[in-house]
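As a plain string of letters, each chain reads:
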Amino acid sequence: MVETPFQRVAYQKQDLMEPVTLTSMYQPTYARSAVAVTSLKVVALGDSLIYGFGDPVGGGWIERLRRNWMQSSGPDYALYNLGIRGDGVKQVAQRLESEFRQRGELRNRVPDLMILSVGVNDSARLGRSQGRNFTDLAMFEAEMIALLEQAQRLCPTLFVGMVPVDEAKMPFQKCFYYNHADQFRYKEVTRLACQHYQIPYLDVFSQWLERGTDWYRSQLSDDGLHPNVSGYQSLLEDVLHWQPFTDYVWGTTTNLECLV
């Protein structure tokens, strides 16, 4: 099988797990005025990382952010959690446009911003540690490209990457084997595809690994796959300190204007 450019680069440094660059650095496709924002509708689609599984206190990072916005006396911000446990890229793509068009609140209105987070379930190996991946990498790339193209046509999009698993606690549910090498390949295909389409990508996998083994393991639930209460708070803080997110949500720069 002939490797695509995204796959070839993803395999290139998997042993070192070093991010590599395919195109230019973050250059937002969408622009938003620096004028104060009075209303913002956001949809978040993806898997259990969006859903918030593993956080019985705060309900996950999306729910924590939603509560924060609701309690604020500032602009009218609405955030819809459309995460489904176990979803892969294909499942998110199948429901993306329908979910999106039903969240505008008013007739002929649609959300202003979309947050995507999906891909870890596609990387799992089935039945044994050397079993086949749930979604073949070439198929994953094609499905991810289709998802990003679809999202980009609808509205400005941000992508929040997967967290690293605790390999020592695999398999998940006695049949799904996750590992860092596979996670790296799948997240690199995703990151490079986002870079190609100029969709900002938050590389949570690399950030958490850089903080050390003891730290990232302390942020995971007992299943070794999902963040725990502390992990979701850490993820929220990572997002809140991510420039593409703050630029769009708070309008802190003058070169981000919605092109929808």
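Residues numbered from 1 in each chain as written. Predicted model: local features only at pLDDT ≥ 70, side-chain atom pairs only at ≥ 80, totals over all residues. Heavy atoms only, no water.

Student: When you look at the overall build of the protein chain in this model, what are you seeing that I'm missing?
Tutor: Along the protein chain, the regular secondary structure elements total 11 helices and seven strands. Per-residue burial for the protein chain yields a buried fraction of 55% across its 260 residues. Residue pairs at least 24 apart in sequence account for 78% of intrachain contacts in the protein chain once pairs closer than 6 positions are excluded. As displayed, the protein chain offers around 12,000 Å² of accessible surface, 50% of which is attributable to carbon and sulfur atoms. (Helix = DSSP H or I, 4+ residues; strand = E, 2+ residues; numbered from the N terminus. Buried < 20%, exposed > 50% of the residue type's maximum accessible area, 1.4 Å probe, protein only. Contact = heavy atoms within 4.5 Å. Areas by Shrake-Rupley, 256 points an atom, 1.4 Å probe, with all protein chains shown as cover.)

Student: Hey, could you run me through the pairing of strand E3 (residues 113–117) in this one?
Tutor: Moving residue by residue along a regular strand, the side chains alternate between the two faces of the sheet. Buried residues dominate E3, accounting for five of its five residues. With burial as the criterion, each face of E3 is covered, one bearing Leu113, Ile115 and Ser117 and the other bearing Met114 and Leu116. Relative to E3, strand E1 (residues 39–46) runs parallel, the two sharing five bridges. Residue pairing across strands places Val43 opposite Met114, the latter belonging to E3. One ladder, built from three bridges, connects E3 with strand E5 (residues 157–160); its direction is parallel. Bridged to Leu116 within E5 is Phe159. (Pairing = 2+ DSSP bridges.)

Student: How should the packing of helix H4 (residues 89–101) against helix H6 (residues 137–154) be read in this particular structure?
Tutor: Relative to each other, H4 and H6 sit at 10°, their axes nearing to 9 Å. In terms of orientation, H4 lies roughly parallel with respect to H6. Residue-level inspection shows Val89, Lys90, Val92, Ala93, Leu96, Glu97, Phe100 and Arg101 of H4 in contact with H6, the latter providing Phe140, Glu143, Met144, Leu147, Gln150, Ala151 and Leu154. Of the residues assigned to the contact of H4 with H6, the class counts are 10 nonpolar, one polar and four charged. (Axes fitted to C-alpha atoms, helices over the stretch in contact; angles between N-to-C directions. Parallel < 35°, antiparallel > 145°, perpendicular 65-115°, else oblique. Nonpolar A, V, L, I, M, F, W, Y, C, P; charged D, E, K, R; others polar.)

Student: Mind showing me how you'd approach the packing of H6 against helix H7 (residues 180–196) here?
Tutor: The contact between H6 and H7 brings their axes to 10 Å, and the two run at 35°. The interaxial crossing formed by H6 with H7 has right-handed handedness. The segment H6 lies against H7, with Leu137, Phe140, Glu141, Met144 and Leu148 engaging Arg185, Tyr186, Val189, Thr190, Ala193 and Cys194. In the contact of H6 with H7, the residues fall into eight nonpolar, one polar and two charged. (Left-handed = near helix turned anticlockwise from the far one by under 90°.)

Student: Please explain unusual backbone geometry as it appears in this structure.
Tutor: A negative phi angle characterises most non-glycine residues, just as the trans form characterises most peptide bonds. Residue Met170 is joined to Pro171 through a cis peptide bond whose omega torsion reads 10°. Relative to the helices and strands, Pro171 is located in the loop between E5 and strand E6 (176–177). Non-glycine residue Gln173 carries a positive phi angle of around 50°. For Gln173, the location among the structural elements is in the loop between E5 and E6.

Student: How should I be thinking about the nonpolar core in this particular structure?
Tutor: Soluble globular proteins tend to pack their nonpolar side chains together in the buried interior. Counting residues in each nonpolar core, the largest one holds 36 residues, and the members touching the most others are Met114, Leu116, Met144, Leu147, Leu148, Phe159 and Tyr178. Put simply, the parts of the chain that give this core at least two residues each are E1, H4, E3, H6 and H7. The residues touching Leu148, leaving out its near neighbours within four places in the chain, are Leu116, Phe159, Ala193, Cys194, Tyr197 and Ile199. Counting residues in hydrophobic clusters, the runner-up holds 29 residues, among them Val42, Leu65, Val239 and Val249. (Core = buried A, V, L, I, M, F, W, Y, C linked by side-chain atoms within 4.5 Å.)

Student: What should I look at first to understand the sheet that holds strand E2 (residues 76–83) in this one?
Tutor: Each strand in a sheet pairs with another by means of backbone hydrogen bonds, the pair being arranged parallel or else antiparallel. Read across the open sheet, the five strands follow the order E2-E1-E3-E5-E7; overall the sheet is parallel. Single-partner strands in this sheet number two, and they are E2 and strand E7 (201–202). Running at roughly 155° to E3, helix H11 (residues 243–250) makes contact with E1, E2, E3 and E5 of the sheet.

Student: Can you walk me through the pattern of salt bridges in this structure?
Tutor: Two side chains carrying opposite charge are able to pair once their charged atoms lie near each other. Under the defined criterion, the tally for this structure stands at 14 salt bridges. Across the pair Glu63 and Arg66 runs a salt bridge, and its minimum N-O distance is 2.7 Å. Taken as a pair, Glu63 and Arg66 lie in helix H3 (residues 61–71) at a separation of three residues, close to a single helical turn. Among the residues examined, Glu63 registers a relative accessible area of 15% and is labelled buried. A residue is classified by how much of its surface remains accessible, and Arg66, at 27% relative accessible area, is partly exposed. (Salt bridge = Lys/Arg side-chain N within 4 Å of Asp/Glu carboxyl O.)

Student: What is the right way to read the environment of Pro244 from this model?
Tutor: Along the chain, Pro244 falls in helix H11. On a C-alpha basis, the gap between Pro244 and Pro200 in space is 6.5 Å, while along the polypeptide they are 44 residues apart.

Student: Just checking my understanding: could you explain the confidence of the model for the protein chain for this structure?
Tutor: A low pLDDT means the predicted coordinates there should not be read in detail. Per-residue pLDDT for the protein chain has a mean of 86; in total, 80% of the residues score no lower than 70. Counted against residues more than four places away or in other chains, residues 19–31, with its pLDDT under 50, gives 44 contacts. Segment residues 252–260: pLDDT under 50, and 33 contacts once partners within four positions in sequence are set aside and those in other chains are kept. (pLDDT = per-residue confidence, 0-100.)

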